[in-house]
Amino acid sequence: MTEAPTGNVTFLFTDIEGSTMLAQNFPESISAALGKHSSILKDTIESHNGFIFKTIGDAFCSAFKDSANAINAALDIQMNIQNEKWEGAVIKVRIGIHSGQAEWGNSNYTGYLTLAGANRIMSSAFGGQIVISDTTYNLAKEIFYNSKYTLKDLGVRRLKDLIQPVRLYQLTSPGLKEDFPPINTLDARPNNLPVQLTNFIGRENEIREIKNLLSSSRLLTLTGPGGTGKTRLSTKIGSEMIDDFENGVWFLELDSLTDTQFIAKRIITMFRLTVDRDKKDTDVLINYLREKELLLIFDNCEHLIEGCAKISDELLRYCPKLKIIASSREQLHVAGEIVFAVPSLSMPESISDVSASQLSNYESARLFIDRAISVNPNFQITNDNAHVLAQLCYDLDGIPLAIELAASRIKVLTIEKILERLSDRFKLLTGGKRTSLPRQQTLKATIDWSYELLSENEKRLWQRLSLFKGGWTLEAAEAVCSDESLDEYEVLDLLNQLVNKSLVRVYQSESGARYAMLETIRQYGNEKFSSDEEKNDVRRKQFDFFYSMIKDSEEMLSGAGQRIWIKRIKDDYENIRQCLKFAIESFPDDAVHFCLELGKYWEVQSYFSEGFDYLDNAVKNAKNLKSREEGKAEYWKGYFKMQQGNYPAAKEHFTHSLEFFKNLNDKYLEAKVLLGFGTTSMYEVDFENMHLYSGKSLEISRELKNKSLIARNLQVIASGLLQEAKYDEARKMFEECLELFRELEDFVSQAKIIGNIGLLEYCIYNYEKAIQPLEESLKIRIELNDRQGISIALNNLGAAKYMMKNLEEAQVELEESLRICRELGDKRTYVTPLSTLGLICYDRKNFNESMKIFKEVVHISSEIGDKYTLAKGFDGCANNLIEMKEFGKACVALSKFISLMKSSAKKHFIESEYERFELIEKSIKENISISEFEQWKEKGDAMSTEEAIEYVTE
């Protein structure tokens, strides 16, 4: 068996193109086909001295010491696959080859950039294609002088997750396919094309024809009814033609614009140009685009047709290298315009005798299968139900949006039930015969027709329900949608009518039955309001309903009803967001009240950035806030900033808040603010002020007999004692406040304390004993969707597993912790798992990557003013610098490590830290003279922290 190569390694990655679709279309033969595929891959790779180190499903990951062997293996794989006799499922393999530094560990390779590069290169290819990087090409350059090899330069390409573009080549040989579509990469050409989250299906003929038309025209308009996929087709064309335009492809979405005068302004904003008050907006654009070779895509022009026509005409007239693709329900009527009518997707012509394998020949069926699998991975098309899908695609006229909406229901309905419902509806519309249609029906036309068949009160309810987003309860519908024209007692019956007509669906959430609309249906109803005044009246009632729902929820979110209330508010959080956005603009004083009631929910769900932004915008717009409301707003702003690691801003808001509550003589709120100060001080490792503020808050809390505040203060003080290495005192206090939180049934806080107990075990080196409470804490936090708590628990688990040298599991948990911290904008927590990942890289002897990580730790810690984590960052830098033979910088880093530890943590400067200093000092002195060490150490001592950061991390 070939040994794992290490150092400069050439990786060959493969997978099967369209394997999921093959499994659906050929359920009887796919197993045998996959077996043949695996045998070919294994035998071919190993015969060329390749090392297969991982298989993921049908994907093979292999490594080669010799790049020429990898190249020959790839050619033989494609030749063997091509020459194999496949029955039913025909396998096509895409291959990517890339070379770079990588080290073999016990079970996997390190060297993320190299591995990621190989994976991304493979993902860019098509079935039957081999794509190699320039690094592999340069390593094996001599072999390409042989006529056996054919290389096609694919140019410099930008790959996902890789910062630097990579030059790629297509490798082939006589007897293998040479012609492939453009590879799937993020090109180095500038663009703002939207990221597509689903597969693009079909349209090969249309794409080919549109490209030919655009080669001889500068304005091409894609026309067709709503739902035919004009937008998706235009972006696909743009992505495939990006190499033809030196200045890139730019996508302008016009959906949200309501006035033609803003078209030019939107384009100016898209190109980040400066508005010139002395010039027309179109003149600014013409000056910028005059010599640019660029493709501009105007999406959804129909509601701004005259404005789009005018600006297209002006830009094309004065910008000779510019081309435009427009999508619209009608053409622009501009000179030189070519119109392409986007057809429906191809549909099965025969219904009754169609087989599962034959369905793959039709775009509409392939689209349905792809989207259905995305919502229900167990969905399958067999010979028994193939005719049902054929009939469904036929009845839906091959309109992509209609097919996607039908496929989305596979999650709750069988394909037979979907056809049953849609067939009944279409049968009424068409009289049972497709040929009787006066014109091709669109999804919009179907919705129009459905709408016109409703009673006036059904229409009215549909409109009002469209203001809900993310679903609603019957209680909400009755409260929000009823008025003098629609009695509350009618709502249930009318709602059931809409459910029966497939306009509303019912589903079960954890908190009970809910209703929802498909987004297209919701938007349709929203547009049917007769006036903005009526719409705003309903919005106001919606705001009042949800404000009433969350009013006084803080107590429930702190006690026995916590789990129920978290789920209840979570179910309606999209509605709450909509209400807040509307209220901030329309009645900001009430929006502030709403935000203050939501403060506790934002706290337990870790919505720190979002909560601050909503509250800050509401306060800025408010006119008549009372002192108590201003004080509460300042408290919550301070709390959110504290949790984001912005301690100076947090203390500023807490200071303002405290002034309000002292003037109001509100002891409860004063105690909360003092607790905020104490918590901030604990995070800053300022234990003197922590004891001062939290001690005072605890004193007031005991006077008020408020168990929740008592417990929270005990928690902060215990956390400080833990950092001060006063473990017995900390444990006793944690147990006391855990008992209080259990009495209060505050599960969020229980999870924090249980996690802290696990952390305490970690601090006294009981790593195995720490795992159980840390996992218990994580479990509770996941149940409650406490994202910050989840990130902290994952960090602590990762740290414990790192100390137990379970590096693989530790890395997974630490990286997930980092991901959540990034989402939350929580820099305070972020640096801790980041530091441990740096240690993992160091242990694996990946010193460059480790140094990169600790440089980031240093910069972030400096930014948030956390001296302790900054010291640990210098610690990590010093160790890596020793390994990198940069002993002078290592001395400077050691100097700052010592000084920052002493200044940041005087009361918990424990023996183990002295040992860290001594080990680093010893390692440096083993490599340089005592006099050199003293000189560099003196230099480091003389530097300011800012100077040391710049010097060590340059």
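(A) Up close: the overall build of the chain. Helix and strand content of the chain: 43 helices and 16 strands. Taking 30 Å as the expected radius of gyration for a compact globule of 954 residues, we find that the chain reaches 32 Å, a close match to that expectation. The burial tally for the chain puts 55% of its 954 residues in the buried class. Residue pairs in contact within the chain that sit at least 24 positions apart in sequence constitute 69% of those at least 6 positions apart. Carbon and sulfur atoms form 48% of the exposed surface of the chain, whose accessible area is close to 43,400 Å². If the 118 positive side-chain charges of the chain are averaged to one point and the 143 negative ones to another, these points end up 1 Å apart.

(B) Representation of the environment of Lys292. Note on placement: Lys292 falls in the loop between helix H9 (281–289) and strand S12 (294–299). Placed 28 residues apart in sequence, Lys292 and Pro320 show a C-alpha to C-alpha distance of 8.4 Å. There is a polar contact of 3.2 Å between the side chain of Lys292 and the backbone oxygen of Tyr288.

(C) Examining the pairing of strand S8 (residues 166–172) more closely. Burial analysis of S8 places six of its seven residues in the buried class, the great majority of the element. The pairing of strand S6 (residues 130–133) with S8 spans four bridges and is classified as antiparallel. Across the sheet, the residue bridging to Ser133 is Leu168, located in S8. Two strands pair when backbone bridges link them, and strand S7 (residues 150–158) and S8 are joined in this way by seven bridges, in the antiparallel orientation. Considered in S8, the bridge of Thr150 is made with Thr172.

(D) The packing of helix H8 (residues 262–270) against helix H10 (residues 305–318), seen in detail. The contact between H8 and H10 brings their axes to 9 Å, and the two run at 55°. In terms of orientation, H8 and H10 fall into the oblique class. Together, Ile263, Ala264 and Ile267 of H8 and Gly307, Cys308 and Ile311 of H10 make up the contact between the two elements. A class-by-class count of the residues in the contact of H8 with H10 yields five nonpolar, one polar and no charged.

(E) Geometry of the packing of helix H12 (residues 363–375) against helix H14 (residues 400–408). Packing of H12 against H14 leaves a shortest axis separation of 8 Å and a crossing angle of 35°. The handedness of the crossing between H12 and H14 is right-handed. Residue-level inspection shows Ser364, Leu367, Phe368, Arg371, Ala372 and Val375 of H12 in contact with H14, the latter providing Pro400, Ile403, Glu404, Ala406, Ala407 and Ser408.

(F) View of the sheet that holds strand S10 (residues 219–223). Strands sit in the order S11-S12-S13-S10-S14 across an open sheet of five strands; the sheet is parallel. Each having just a single partner strand, strand S11 (249–253) and strand S14 (337–341) make up the two edges of the open sheet. Across this sheet, the average inter-strand angle for adjacent strands is 20°, counted without regard to direction. In terms of strand pairing, S10 meets strand S13 (residues 322–328) through five bridges, oriented parallel. Residue pairing across strands places Thr223 opposite Ser328, the latter belonging to S13. Together, S10, S12, S13 and S14 form the strand contacts of helix H6 (residues 204–215), whose direction differs from that of S14 by roughly 175°.

(G) Highlighting the nonpolar core. Leu465, Trp472, Ile576, Phe594 and Trp602 are the most contacted members of the largest nonpolar core, which has 108 residues in total. Counting residues in hydrophobic clusters, the runner-up holds 45 residues, among them Cys841, Phe887, Leu894 and Ala948.

(H) Fine view of the state of the cysteines. Applying the stated criterion across every chain yields a total of zero disulfides. Note on Cys481: no disulfide assigned, nearest cysteine sulfur contributed by Cys579 at a separation of 12 Å. Cys821 takes part in no disulfide bond, and the closest cysteine sulfur, belonging to Cys841, lies 17 Å away. Here Cys821 falls in the buried class, since its relative accessible area comes to 2%.

(I) Geometry of the side chain of Ser708. The topology assignment puts Ser708 in helix H31 (residues 707–723). For Ser708, a relative accessible area of 19% corresponds to the buried category.

(J) Quick peek at the side chain of Gln170. Among the structural elements, Gln170 can be located in strand S8. Residue classification places Gln170 among the buried residues on the basis of a relative accessible area of 4%. Polar contacts involving the side chain of Gln170 include one to the side chain of Gln129, which spans 2.8 Å. A polar contact of 2.8 Å, which involves the side chain of Gln170, links it to the backbone oxygen of Glu178. Not counting chain neighbours up to four residues away, the residues in contact with Gln170 comprise Gln129, Ile130, Thr150, Leu151, Lys152, Leu154, Glu178 and Phe180.

(K) Inspection of the confidence of the model for the chain at higher detail. Here the chain averages 86 in pLDDT, while 93% of its residues score no lower than 70. When the criterion is pLDDT under 50, residues 423–442 qualifies, and its contacts beyond four places in sequence or with other chains add up to 28 contacts. Scored below 50 in pLDDT, residues 905–909 shows 16 contacts in the model against residues more than four places distant or in partner chains.

(L) Representation of the packing of aromatic side chains. Evaluation of the coordinates by the stated rule reveals 43 aromatic pairs. Both rings, one in Tyr547 and one in Phe594, keep their centres 5.8 Å apart while their planes meet at 65°; by these two values the pair is edge-to-face. On the criterion of sequence distance, the pair formed by Tyr547 in helix H21 (residues 532–550) and Phe594 in helix H25 (residues 588–605) is long-range, its members being 47 residues apart. Each member of the pair, Tyr547 together with Phe594, is buried. Here the aromatic cluster, defined as three or more aromatic residues joined through ring pairs, consists of Trp602, Phe608, Tyr614, Tyr635, Trp636, Tyr639, Phe640, Phe654, Phe677 and Tyr693. The ring of Tyr288 is capped by Lys292, whose NZ or CZ atom sits 4.3 Å from the centre of that ring. The positively charged end of Lys889 is found above the aromatic ring belonging to Tyr951, 5.8 Å away from the centroid.

(M) Local environment of helix H29 (residues 667–683). Relative to the 24 Å expected for 17 residues at 1.5 Å per residue, H29 spans 24 Å between its end C-alpha atoms, a close match to the ideal helical length. Counting buried positions along H29 gives 15 out of 17 residues, so the element sits mostly inside the fold. Where H29 starts, the residue carrying a side-chain oxygen 3.3 Å from the main-chain nitrogen of Tyr668 turns out to be Asp666. Immediately downstream of H29, the backbone of Val685 shows phi near 60°, a positive value.

(N) Examining the pairing of S12 more closely. Judged by how many residues are buried, S12 sits mostly within the fold: six of six residues are covered. Residues Leu294, Leu296 and Phe298 of S12 are buried on one face, and the alternating residues Leu295, Ile297 and Asp299, pointing to the opposite face, are buried as well. The sheet contact formed by S11 and S12 spans five bridges and is parallel. Within the sheet, the bridge partner assigned to Glu253 lies in S12 and is Asp299. Pairing of S12 with S13, which is carried by five bridges, proceeds in the parallel orientation.

(O) Geometry of helix H3 (residues 67–83). For H3, built from 17 residues, the straight-helix expectation of 24 Å at 1.5 Å per residue is met to within 8% by its first-to-last C-alpha distance of 25 Å. When we look at burial in H3, the residues that qualify are Ser67, Ala68, Ala70, Ile71, Asn72, Ala73, Ala74, Leu75, Ile77, Gln78 and Ile81. Residue Asp66 occupies the N-cap position of H3, its side-chain oxygen lying 2.9 Å from the main-chain nitrogen of Ala68.

(P) Molecular detail of the environment of Ser99. Among the secondary structure elements, Ser99 is positioned in strand S4 (residues 93–104). Given the relative accessible area of 4%, Ser99 is considered buried. Every residue in contact with Ser99, bar those within four places of it in the chain, is listed here: Asn8, Val9, Thr10, Thr114, Ser133, Thr135, Thr136 and Leu139. A polar side-chain atom of Ser99 sits 2.8 Å from a polar atom in the side chain of Thr136.

(Q) View of the pattern of salt bridges. Inspection of the entire model under this criterion finds 43 salt bridges. Ionic pairing is found between Glu554 and Lys672, a salt bridge with its closest N-O pair at 3.0 Å. Within this pair, whereas Glu554 is found in helix H22 (residues 553–557), its partner Lys672 is found in helix H29, the two being separated by 118 residues in sequence. On the accessibility criterion, Glu554 (25% relative accessible area) is partly exposed. Lys672 sits in the buried class, given a relative accessible area of 6%. Here Lys937 ties to Asp941 by a salt bridge, and the two come within 3.6 Å at their closest N and O atoms. Taken together, the residues Lys937 and Asp941, both in helix H42 (residues 930–942) and four residues apart, mark about one turn of the helix. Judged by relative accessible area, Lys937 falls into the buried class, the value being 17%.

Criteria and thresholds
- Residues numbered from 1 in each chain as written.
- Predicted model: local features only at pLDDT ≥ 70, side-chain atom pairs only at ≥ 80, totals over all residues.
- Heavy atoms only, no water.
- Helix = DSSP H or I, 4+ residues; strand = E, 2+ residues; numbered from the N terminus.
- Rg over C-alpha atoms; globule rule 2.2 N^0.38 Å.
- Buried < 20%, exposed > 50% of the residue type's maximum accessible area, 1.4 Å probe, protein only.
- Contact = heavy atoms within 4.5 Å.
- Areas by Shrake-Rupley, 256 points an atom, 1.4 Å probe, with all protein chains shown as cover.
- Lys, Arg positive; Asp, Glu negative; His and termini not counted.
- Charge placed at Lys NZ, Arg CZ, Asp CG, Glu CD.
- Polar contact = N/O pair within 3.5 Å; in protein donor to acceptor, adjacent residues only side chain to side chain.
- Pairing = 2+ DSSP bridges.
- Axes fitted to C-alpha atoms, helices over the stretch in contact; angles between N-to-C directions.
- Parallel < 35°, antiparallel > 145°, perpendicular 65-115°, else oblique.
- Nonpolar A, V, L, I, M, F, W, Y, C, P; charged D, E, K, R; others polar.
- Left-handed = near helix turned anticlockwise from the far one by under 90°.
- Core = buried A, V, L, I, M, F, W, Y, C linked by side-chain atoms within 4.5 Å.
- Disulfide = S-S within 2.5 Å.
- pLDDT = per-residue confidence, 0-100.
- Phe/Tyr/Trp six-rings, centres within 6.5 Å; stacked < 30°, edge-to-face > 60°.
- Lys NZ or Arg CZ within 6 Å of the ring centre and 35° of its normal.
- Expected span 1.5 Å × (residues − 1).
- Salt bridge = Lys/Arg side-chain N within 4 Å of Asp/Glu carboxyl O.

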